[in-house]
Amino acid sequence: PESATITFNKFGKVTKLCTGFCMDRQVGNTKGGTGVIAAALVAGQPPSDWDLYPAPAVIKRFFGRPIEPILETKAVLAPFPETVMIQLAKGILATNMASDDPTLLSDKFEFLTPFKGPIRKNEFLQSCAMEEFEGVNPSFSHFRVDPYDPVRVWVDVLPSGNGYQGCPQAMSFAFDEEGFCDRITSSFVMDPSIGNGGGLGGPEGYKYATGQASLDILTRPWARVVGRARKQVLAPLTGVGVDDYVTPEQVKAKESAPSGSLSIESVQQSGMLQSKPVENLSELRASSEISVPKAPQLPTTPPPPAVVEKQSEIIERQAKATEEEARLKRQGADEAKLLIAEVEEAEKRALEARIKLAKLEAERAESERRLKEAQAQRAARMVELEQEKIAAAEARQAKQDQLRNKAEQTSKAVAQSPPMNSVANPVESAAEKARALLAEVNAKRAAKLETDRAAAEKRAKEMEKKRKSQAEEKQKKQEVERALLAKKKAESDAKRAAAAEAKRKQAEKLKADIEKKTAMKRAQSLMSSQKTAQNLKAQTAEKRRKQEAQRAEMLRKKQEAQRERVATAAAAANKKKLGTAPARSAEKKKGTIRSKTGEGSDDVKEAELKAKRIQDAEAAKERQRAALEALQNAVSRATVSLFGLAGGQPKANEEEEKQSPFAAQAKTPSGAPKGVPVLKRWRKTKDGAITGMVYGSSSFSDGDRVTTSPIAFGKVSKGEVVKTGSGSKYYLS
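Residues numbered from 1 in each chain as written. Predicted model: local features only at pLDDT ≥ 70, side-chain atom pairs only at ≥ 80, totals over all residues. Heavy atoms only, no water.

**Thoughts on the overall build of the protein**
Check the secondary structure of the protein and you find 18 helices and 18 strands. Looking at the protein as a whole, 26% of its 733 residues are labelled buried. Put simply, of all contacts in the protein between residues at least 6 apart along the chain, 55% involve residues at least 24 apart. Summed over its atoms, the accessible surface of the protein is roughly 49000 Å², and 57% of this surface lies on carbon and sulfur atoms. (Helix = DSSP H or I, 4+ residues; strand = E, 2+ residues; numbered from the N terminus. Buried < 20%, exposed > 50% of the residue type's maximum accessible area, 1.4 Å probe, protein only. Contact = heavy atoms within 4.5 Å. Areas by Shrake-Rupley, 256 points an atom, 1.4 Å probe, with all protein chains shown as cover.)

**Brief notes about helix α7 (residues 222–238)**
Spanning 17 residues, α7 covers 23 Å between terminal C-alpha atoms, matching the ideal 24 Å at 1.5 Å per step. The largest bend along α7 reaches roughly 35 degrees and is located at Gln232, with the proline Pro236 sitting one to four residues downstream. Structurally, α7 contributes buried residues whose contacts are with α5 (203–209) and α6 (216–219). A positive phi of about 80 degrees marks Gly239, the residue just after α7. (Expected span 1.5 Å × (residues − 1). Bend = angle between axes of the 7 residues up to and from the residue.)

**Considerations on a nonpolar patch on the surface**
On the surface, Ile6, Phe8, Val14 and Leu17 cluster together to form a nonpolar patch covering roughly 390 Å² of accessible area. Of all the secondary structure elements, the ones that give two or more residues to the nonpolar patch are β1 (2–8) and β2 (14–22). The topology assignment puts Leu17 in strand β2. Taking relative accessible area as the criterion, Leu17 reaches 56% and is therefore assigned exposed. (Patch = residues over 30% accessible without salt bridge, like charges linked within 9 Å, V, L, I, M, F, W, Y side chains within 5 Å. Salt bridge = Lys/Arg side-chain N within 4 Å of Asp/Glu carboxyl O.)

**Concerning the pattern of salt bridges**
All told, the structure shown has 26 salt bridges when counted by the stated rule. Among the salt bridges present, the one from Arg349 reaches Glu345, with a minimum N-O distance of 3.7 Å. With a gap of 4 residues between them, Arg349 and Glu345 both fall in helix α12 (residues 333–416), about one helical turn apart. Here Arg453 and Glu457 are joined by a salt bridge, their closest N and O atoms 2.7 Å apart. Note that Arg453 and Glu457 are positioned in helix α13 (residues 424–578) at a spacing of 4 residues, about one turn of the helix. On the basis of relative accessibility, which here comes to 41%, the residue Arg453 falls in the partly exposed class.

**Quick notes on a positive patch on the surface**
Together, Lys60, Lys116, Arg317 and Lys320 line one region of the surface with positive charge. Tracing the backbone shows Arg317 in helix α11 (residues 304–331). Overall, the relative accessible area of 40% leaves Arg317 in the partly exposed class. (Lys, Arg positive; Asp, Glu negative; His and termini not counted. Charge placed at Lys NZ, Arg CZ, Asp CG, Glu CD.)

**What to know about the nonpolar core**
Ranked by size, the top nonpolar core spans 27 residues in total, and within it Phe124, Met171, Phe173, Phe175 and Ile184 carry the most contacts. The contact partners of Ile184, leaving out residues within four places of it in the chain, are Ile92, Met97, Phe109, Glu110, Phe111, Leu112, Met171, Ser172 and Phe173. Of all hydrophobic cores here, the second largest spans 10 residues; its members include Trp682, Val694, Val706 and Ile711. (Core = buried A, V, L, I, M, F, W, Y, C linked by side-chain atoms within 4.5 Å.)

**Points about unusual backbone geometry**
The phi torsion at Asn96 lies on the positive side, around 55 degrees, for a residue other than glycine. Its place among the elements puts Asn96 in the loop between α3 (82–94) and β3 (105–112). Using a relative accessible area of 10% as the deciding quantity, one classes Asn96 as buried. Of note, Ala98 is a non-glycine position whose phi angle comes to about 65 degrees, a positive value.

**Side note on the packing of aromatic side chains**
A full pass over the atoms with the stated rule returns 4 aromatic pairs. Ring centres 5.0 Å apart and planes at 50 degrees place the aromatic pair Phe109 and Phe124 in the tilted group. With Phe109 in strand β3 and Phe124 in helix α4 (residues 121–128), the pair connects residues that are 15 residues apart, well separated along the chain. Considering the side-chain rings of Phe111 and Phe124, the 4.8 Å spacing of their centres and the 40 degrees angle between planes classify their relative orientation as tilted. Taken as a pair, Phe111 in strand β3 and Phe124 in helix α4 lie far apart in primary sequence, 13 residues in all. For the residue pair Phe111 and Phe124, the accessibility class agrees, reading buried in each case. One aromatic cluster in this structure is built from Phe109, Phe111 and Phe124. (Phe/Tyr/Trp six-rings, centres within 6.5 Å; stacked < 30°, edge-to-face > 60°.)

**What about empty space enclosed by the protein?**
Inspection of the entire model under this criterion finds 2 cavities of 30 Å³ or more. Estimates place the volume of the largest cavity at around 50 Å³. If you trace the largest cavity, you find it lined by Leu555, Lys558, Gln559, Gln562, Gln615, Glu618, Ala619 and Glu622. Counting only elements with at least two residues in the lining of the largest cavity, the list comes to α13 and α15 (602–633). Partitioned by chemical class, the residues of the lining of the largest cavity number 2 nonpolar, 3 polar and 3 charged. Estimates place the volume of the second largest cavity at around 40 Å³. If you trace the second largest cavity, you find it lined by Leu403, Arg404, Ala407, Leu437, Leu438 and Val441. Of all the secondary structure elements, the ones that give two or more residues to the lining of the second largest cavity are α12 and α13. Taken together, the residues of the lining of the second largest cavity sort by class into 5 nonpolar, no polar and 1 charged. (1 Å grid on protein atoms, 1.4 Å probe; cavity = no way out; pocket = protein on both sides within 12 Å on 5 of 7 lines; lining within 4 Å. Points joined across faces, edges and corners; volume = space filled by probe spheres on them. Nonpolar A, V, L, I, M, F, W, Y, C, P; charged D, E, K, R; others polar.)

**Some remarks on the side chain of Thr724**
Turning to its location among the elements, Thr724 is positioned in strand β17 (residues 721–724). Residue classification places Thr724 among the buried residues on the basis of a relative accessible area of 2%. Apart from the residues lying within four places of it in its own chain, the contact partners of Thr724 are Thr708, Ser709, Pro710, Ile711, Ala712 and Tyr730.

**Thoughts on the confidence of the model for the protein**
Mean pLDDT over the protein: 76, with 75% of residues reaching 70 or higher. The low-confidence segment residues 420–424 (pLDDT under 50) makes 0 contacts with residues lying over four places distant or belonging to another chain. (pLDDT = per-residue confidence, 0-100.)

**Some details on the environment of Ala407**
Here Ala407 shows up in helix α12. With relative accessibility at 13%, the residue Ala407 sits in the buried group. Through-space distance from the C-alpha of Ala407 to that of Leu437 is 8.2 Å; in sequence the pair is 30 residues apart.

**What to know about the pairing of β17**
The side-chain alternation of β17 yields one buried face, formed by Val722 and Thr724, and one unburied face, formed by Val721 and Lys723. Judged from the 2 bridges that link them, strand β16 (residues 711–713) and β17 form a sheet pairing that is antiparallel. Bridged to Ile711 within β17 is Thr724. Pairing of β17 with strand β18 (residues 729–732), which is carried by 3 bridges, proceeds in the antiparallel orientation. The residue of β18 that forms the bridge with Lys723 is Lys729. The antiparallel hairpin formed by β17 and β18 contains 4 residues in its connecting segment, where Gly727 sits at a positive phi of about 100 degrees. (Pairing = 2+ DSSP bridges.)

Here it is as structure tokens:
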């Protein structure tokens, strides 16, 4: 529902038209919007909430639950007669908005204002009921039942108080089938240009008039806050105050108007215009026909201490509201930033559109002004011509009247003269001449009047034809302007769509670049990690090779020392047994030499066998310890001696191996590179490794069966050199 008010002057002409003011923002699917805003909402292009509601309402709507709209009423007939419905509404008003008798309200009661609510029953009774008309003695008029919603009673409210004259507001009461009030709407302004409440309804209007107003951002939408700030800045130049609803031209006209001219306000105050019967709140309480408890009379002029105390309470309330707003801003910082960014972008676009629209409106207004000036000049000229024609006609009429009077006087003189026979004929001839002259004058006057009438009709037809042609030209011009506006709007929409598409493509390109860079970084990181792992693996293999070489060198030195000890012990035993004679000593040496070639005494052979067993046992233990250490330090599969772990015995004597031609042939076969171990009787395993008998290795004894790491380089075939993953090389015999 919307309100429309029309104001007339004493001549019956419209002086003011106020439309597009919502009376209940919960009814319908436009969220309280009217006119173009409602059309945009229905078309799926809603404006920002900052253009419709104050900041606290926007924040509450963002974090709170959505308001369910009332799309249609289910009632067809009123539950009670119209007089009873009106008395029920007056009963609510007479009990201080049911605060003195809460039983008048339904359990499903809701209270709604332009920017608050819906508020439930308990909260309404605690915070809103007593504040609705606090310090105000409102007047109520035009109680009526809504023809479209028969369960609702509407009333016009005009609040007033000490230093406060509010603007007219719409209020409604809805009742259920049992007569309980289940819904109240209040403070919906119908004409903000009246009064000193700053265009605000309810308690906020009273606070504004008494100098206790809340911040504009808390009581008005952002667009109105910006508009009021602009008016306040331009007031010294335009002469239009922040609460004035006039144009600069009207201000100048008002200043130049004579003091005795009548205005609509003076006509209303003088009682020339009669309104409907008015009832104030005290009269309703005194004359209410419904049995309700009497409410305490509201003081019309509160004492100054109470006003000071009320101001301090309002200041404290404003401070609390500011703190609450800051707390809400801190809680929803991220959401508020995103929302503010969207609002700023929307405001920017809206401002650009408004600037363009303002320019077009200014151009159109200028053209209309020029056209009106031309029309006014033509009308003034036509009025002057008509006045001149009227003056000429009046002059001619006066001359004719003078001639007629003179002829009548002459006739009377002739008639009054004494009858004389001698002069009878001259008198009669003079009278006839006078009558003839009068008839001639009348004929000329009639002809002149007929000519003037024909000329006036011709001029009227020409003016009508000219007016029609001007109207057609104006209509064509308006159509051209509308087409131009539509074209500009289409171009603007196309530009916005192109910009949006470009932004989307740029975002996709940026996303693809980021993904590409991320993939490259990931690949580089993977390659770096693989390279690091390979370097670490190579370093570990090199370290293990060096450790194996050191252990082999130590084992060789230990074996040489053991052989020397055995030889020394054998020599000492031979000396003790054979005596100290030089001949026996020489013979002993010869016997020792013979024992090495298979000829000598049994005692020497027994000592040698004993030393050999001790040496073999120590060598086996050393190989077992070295193999265990190699297994513990290996990163990948290392080459391990299988016979060393099983306690296999090496060759009896390294000197015999050197002397054996078969050993030499096994260690360095033809075709094997120098320093590369040889694998004999080998075979390839399933995992790509090679197992076989190793010869010529510094880490293993000849003939040990080993299993290498998986082959990384080289062809696995006879007569080829292969390289394992750990870096070891082997010649395949």
